[in-house]
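Given next are the chains, with one letter for each unit.
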Amino acid sequence: MLQSAGIQNTGFETADSGQIGKAQMWNGANLTKDKRTCNTISPPATYSHTGDCAFLFKGGIGEKSKISQKVKLGATSLVAGSPNTFRLGQQLVEYGTCPSRGLPH
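Residues numbered from 1 in each chain as written. Predicted model: local features only at pLDDT ≥ 70, side-chain atom pairs only at ≥ 80, totals over all residues. Heavy atoms only, no water.

K.L.:
Mind laying out the environment of N39, listing which residues take part and the relevant values?
P.N.:
Locating N39 in the fold gives a position in the loop between strand 2 (35-38) and strand 3 (53-56). Taking relative accessible area as the criterion, N39 reaches 25% and is therefore assigned partly exposed. Spatially, the C-alpha atoms of N39 and G51 are 8.8 Å apart, while their sequence positions differ by 12 residues. Setting aside anything within four residues of it in sequence, one finds N39 in contact with A45, T46, Y47, S48, G51 and D52. (Helix = DSSP H or I, 4+ residues; strand = E, 2+ residues; numbered from the N terminus. Buried < 20%, exposed > 50% of the residue type's maximum accessible area, 1.4 Å probe, protein only. Contact = heavy atoms within 4.5 Å.)

Structure, rendered in structure tokens:
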């Protein structure tokens, strides 16, 4: 669905050859330990909902990391009166809490 809307490398499957942990066609800002990561067989780990790779936001207090992509929409991408659908998946994992504040640590 996203490919038809002009977004490239929607599954983060293609790595950027110039920078480890970066997905081709995506730009990052304020990334600390956030990166493109792929499923592994040994040890077994699954990061993606579909496909083999995903973008993993590690997060931190006050961190405002983001990824973005400039999309060039063609005349066939937008049709008056027709909806464009974008889907975003997320999975939140809590590693523990700080007893004094209840914040993740």
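K.L.:
Any details on the side chain of Q69? Residues and values, ideally.
P.N.:
When you line up the elements, Q69 lands in the loop between strand 4 (66-68) and strand 5 (97-98). Relative accessible area serves as the criterion here: at 14%, Q69 is assigned to the buried category. Within the local environment of Q69, its side chain forms a polar contact with the backbone nitrogen of Q8, the two atoms lying 2.6 Å apart. Engagement of the side chain of Q69 in a polar contact is seen with the backbone oxygen of M25, the distance being 3.4 Å. Apart from the residues lying within four places of it in its own chain, the contact partners of Q69 are G6, I7, Q8, M25 and W26. (Polar contact = N/O pair within 3.5 Å; in protein donor to acceptor, adjacent residues only side chain to side chain.)

K.L.:
Tell me about the environment of G11, residues and numbers included.
P.N.:
Position of G11 relative to the elements: it lies in the segment before strand 1 (27-29). On a C-alpha basis, the gap between G11 and A23 in space is 9.2 Å, while along the polypeptide they are 12 residues apart. With residues near it in sequence (within four places) discarded, G11 still touches C53 and A54.

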